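Here's the letter readout for the chains.
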Amino acid sequence: MMGSPVALCFLLREGPGGREVLLGQKKRGFGRGKIVGLGGHVEAGETPAEAAVRELAEEAGVVLDAALLTPAGTVDFRFPVRPEWDMECTMFTSSVWTGEIGESEEIAPAWYPVDRLPVDGMWQDADHWLPVVLSGRVSDFYVEMAEDNETVARFVVLGP
(Lines give C-alpha, C1' and ligand atoms only; values in the text may rest on other atoms or scores of the structure.)
Protein backbone atom coordinates (compact mmCIF):
# COMPACT_ATOMS: atom_id res chain seq x y z
CA MET A 1 0.00 0.00 0.00
CA MET A 2 1.23 3.49 -0.84
CA GLY A 3 1.63 6.15 1.79
CA SER A 4 -0.02 9.51 1.38
CA PRO A 5 1.81 11.85 -1.00
CA VAL A 6 3.74 14.65 0.68
CA ALA A 7 6.03 17.36 -0.71
CA LEU A 8 8.84 19.16 1.13
CA CYS A 9 10.91 22.12 -0.03
CA PHE A 10 14.13 23.19 1.66
CA LEU A 11 14.96 26.86 1.09
CA LEU A 12 18.70 27.51 0.96
CA ARG A 13 20.68 30.75 1.33
CA GLU A 14 24.20 31.94 1.98
CA GLY A 15 24.42 33.08 5.59
CA PRO A 16 27.27 34.84 7.40
CA GLY A 17 28.81 31.47 8.34
CA GLY A 18 28.05 29.54 5.15
CA ARG A 19 25.02 27.82 3.65
CA GLU A 20 21.81 27.78 5.67
CA VAL A 21 18.54 25.89 5.33
CA LEU A 22 15.07 26.98 6.42
CA LEU A 23 13.45 24.48 8.78
CA GLY A 24 10.54 25.01 11.14
CA GLN A 25 9.35 24.01 14.58
CA LYS A 26 5.97 22.30 14.19
CA LYS A 27 3.41 24.02 16.41
CA ARG A 28 0.48 21.63 15.90
CA GLY A 29 -0.54 18.36 14.28
CA PHE A 30 1.72 15.49 13.23
CA GLY A 31 5.25 15.93 14.58
CA ARG A 32 4.29 18.79 16.95
CA GLY A 33 7.34 20.16 18.78
CA LYS A 34 9.80 18.73 16.28
CA ILE A 35 11.95 20.71 13.85
CA VAL A 36 10.85 19.69 10.36
CA GLY A 37 11.18 20.53 6.70
CA LEU A 38 8.47 22.81 5.36
CA GLY A 39 5.79 21.24 3.21
CA GLY A 40 2.79 18.98 3.49
CA HIS A 41 0.21 16.84 1.76
CA VAL A 42 -0.20 16.86 -2.00
CA GLU A 43 -3.86 17.67 -2.73
CA ALA A 44 -5.85 15.97 -5.50
CA GLY A 45 -4.93 17.43 -8.88
CA GLU A 46 -1.68 18.99 -7.64
CA THR A 47 1.84 18.04 -8.65
CA PRO A 48 4.32 17.67 -5.78
CA ALA A 49 5.98 20.92 -6.89
CA GLU A 50 2.65 22.77 -6.81
CA ALA A 51 1.97 21.35 -3.33
CA ALA A 52 5.39 22.53 -2.11
CA VAL A 53 4.70 26.04 -3.45
CA ARG A 54 1.26 26.15 -1.75
CA GLU A 55 2.52 24.73 1.55
CA LEU A 56 5.46 27.16 1.82
CA ALA A 57 3.09 30.05 1.14
CA GLU A 58 0.78 28.77 3.92
CA GLU A 59 3.53 27.90 6.42
CA ALA A 60 6.10 30.66 5.90
CA GLY A 61 4.48 33.31 3.70
CA VAL A 62 6.94 32.95 0.81
CA VAL A 63 6.17 32.86 -2.90
CA LEU A 64 7.94 30.21 -4.97
CA ASP A 65 7.80 29.37 -8.66
CA ALA A 66 7.17 25.64 -9.14
CA ALA A 67 9.27 25.75 -12.33
CA LEU A 68 12.31 26.96 -10.38
CA LEU A 69 12.27 24.23 -7.72
CA THR A 70 15.20 21.82 -7.87
CA PRO A 71 14.16 18.14 -7.53
CA ALA A 72 15.98 16.59 -4.57
CA GLY A 73 14.73 12.99 -4.52
CA THR A 74 12.20 11.05 -2.47
CA VAL A 75 11.76 9.44 0.93
CA ASP A 76 9.39 6.52 1.42
CA PHE A 77 8.44 6.67 5.14
CA ARG A 78 6.97 3.53 6.73
CA PHE A 79 5.43 3.29 10.21
CA PRO A 80 4.66 -0.45 10.58
CA VAL A 81 2.63 0.04 13.77
CA ARG A 82 0.84 3.16 12.41
CA PRO A 83 0.46 2.51 8.65
CA GLU A 84 -1.89 5.49 8.40
CA TRP A 85 1.24 7.64 8.97
CA ASP A 86 3.07 6.18 5.93
CA MET A 87 4.22 8.88 3.52
CA GLU A 88 5.63 9.05 0.00
CA CYS A 89 7.65 12.23 0.19
CA THR A 90 8.92 14.17 -2.84
CA MET A 91 11.62 16.72 -1.97
CA PHE A 92 12.81 19.94 -3.55
CA THR A 93 15.30 22.66 -2.78
CA SER A 94 15.18 26.30 -3.84
CA SER A 95 17.30 29.39 -3.40
CA VAL A 96 14.81 31.62 -5.22
CA TRP A 97 11.68 33.04 -3.53
CA THR A 98 9.95 36.32 -2.81
CA GLY A 99 8.25 37.60 0.31
CA GLU A 100 9.31 37.84 3.93
CA ILE A 101 9.60 34.57 5.81
CA GLY A 102 7.22 34.63 8.75
CA GLU A 103 5.64 32.40 11.37
CA SER A 104 2.26 30.75 10.80
CA GLU A 105 -0.17 28.89 13.06
CA GLU A 106 1.54 25.67 12.05
CA ILE A 107 5.27 26.44 11.77
CA ALA A 108 7.86 28.69 13.44
CA PRO A 109 10.55 28.88 10.71
CA ALA A 110 14.24 29.50 11.41
CA TRP A 111 17.53 29.32 9.49
CA TYR A 112 20.05 26.63 10.44
CA PRO A 113 23.62 26.06 9.19
CA VAL A 114 23.63 23.18 6.69
CA ASP A 115 26.71 21.73 8.40
CA ARG A 116 25.16 21.94 11.91
CA LEU A 117 21.59 20.71 11.53
CA PRO A 118 19.44 20.67 14.72
CA VAL A 119 19.17 16.87 14.62
CA ASP A 120 18.44 16.61 18.36
CA GLY A 121 15.14 18.40 17.75
CA MET A 122 14.23 16.55 14.55
CA TRP A 123 12.76 13.17 13.69
CA GLN A 124 15.56 10.67 14.23
CA ASP A 125 15.65 9.70 10.54
CA ALA A 126 16.48 13.24 9.34
CA ASP A 127 20.23 12.99 9.89
CA HIS A 128 20.26 9.88 7.65
CA TRP A 129 18.98 11.65 4.51
CA LEU A 130 18.81 15.42 5.01
CA PRO A 131 22.58 16.07 4.72
CA VAL A 132 22.57 14.17 1.40
CA VAL A 133 19.63 16.24 0.10
CA LEU A 134 21.26 19.51 1.18
CA SER A 135 24.54 18.50 -0.47
CA GLY A 136 22.75 18.71 -3.81
CA ARG A 137 22.88 14.97 -4.48
CA VAL A 138 19.51 13.71 -5.72
CA SER A 139 18.72 10.39 -4.01
CA ASP A 140 15.79 8.17 -3.11
CA PHE A 141 15.51 6.76 0.42
CA TYR A 142 13.46 4.22 2.35
CA VAL A 143 12.92 4.80 6.07
CA GLU A 144 11.18 2.27 8.29
CA MET A 145 10.47 3.33 11.85
CA ALA A 146 10.54 1.02 14.87
CA GLU A 147 7.55 0.23 17.09
CA ASP A 148 8.11 3.43 19.11
CA ASN A 149 7.51 5.48 15.92
CA GLU A 150 10.65 7.46 16.81
CA THR A 151 13.63 5.18 16.23
CA VAL A 152 14.81 4.23 12.76
CA ALA A 153 14.55 0.44 12.33
CA ARG A 154 15.74 0.36 8.72
CA PHE A 155 17.29 2.91 6.37
CA VAL A 156 18.04 2.19 2.72
CA VAL A 157 19.44 4.42 0.00
CA LEU A 158 17.45 3.26 -3.03
CA GLY A 159 19.47 5.23 -5.55
CA PRO A 160 21.05 6.54 -7.54
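As a reminder, the structure under discussion sits directly above these lines.
So, here is what we can say about the structure in this document. These numbers come from a predicted model, not from an experiment. (Residues numbered from 1 in each chain as written. Predicted model: local features only at pLDDT ≥ 70, side-chain atom pairs only at ≥ 80, totals over all residues. Heavy atoms only, no water.)

Counting its regular elements, the protein chain contains two helices and nine strands. Secondary structure elements of the protein chain, listed N to C terminal, follow the sequence β-β-β-β-α-β-β-β-α-β-β. In terms of overall size, the protein chain behaves like a compact globule, its C-alpha atoms giving a radius of gyration of 15 Å where 160 residues would be expected to give roughly 15 Å. Projected onto its principal axes, the C-alpha positions of the protein chain cover 40 × 40 × 35 Å. Counting all 160 residues of the protein chain, 45% fall into the buried class. (Helix = DSSP H or I, 4+ residues; strand = E, 2+ residues; numbered from the N terminus. Rg over C-alpha atoms; globule rule 2.2 N^0.38 Å. Buried < 20%, exposed > 50% of the residue type's maximum accessible area, 1.4 Å probe, protein only.)

This brings us to the pattern of salt bridges. As enumerated under the stated definition, the model contains 16 salt bridges in all. When the shortest N-O distance is used, the salt bridge between arginine 78 and glutamate 88 registers 2.9 Å. Remark: glutamate 88 occurs in strand S6 (residues 87–94) and arginine 78 occurs in strand S5 (residues 70–78); sequence separation between them is ten residues. In this structure arginine 78 comes out as buried when scored by relative accessible area, which is 14%. Through salt bridges with shared partners, one network takes in Glu43, Glu46, Arg54, Glu55 and Glu58. (Salt bridge = Lys/Arg side-chain N within 4 Å of Asp/Glu carboxyl O.)

All of the buried residues along helix H2 (residues 126–134) are Ala126, Trp129, Leu130, Val132, Val133 and Leu134. Elements that come into contact with the buried residues of H2 comprise strand S1 (4–15), strand S2 (18–26), S5, S6, strand S8 (139–145) and strand S9 (152–159). Positive phi shows up at glycine 136, right after H2, with a value of about 95 degrees. (Contact = heavy atoms within 4.5 Å.)

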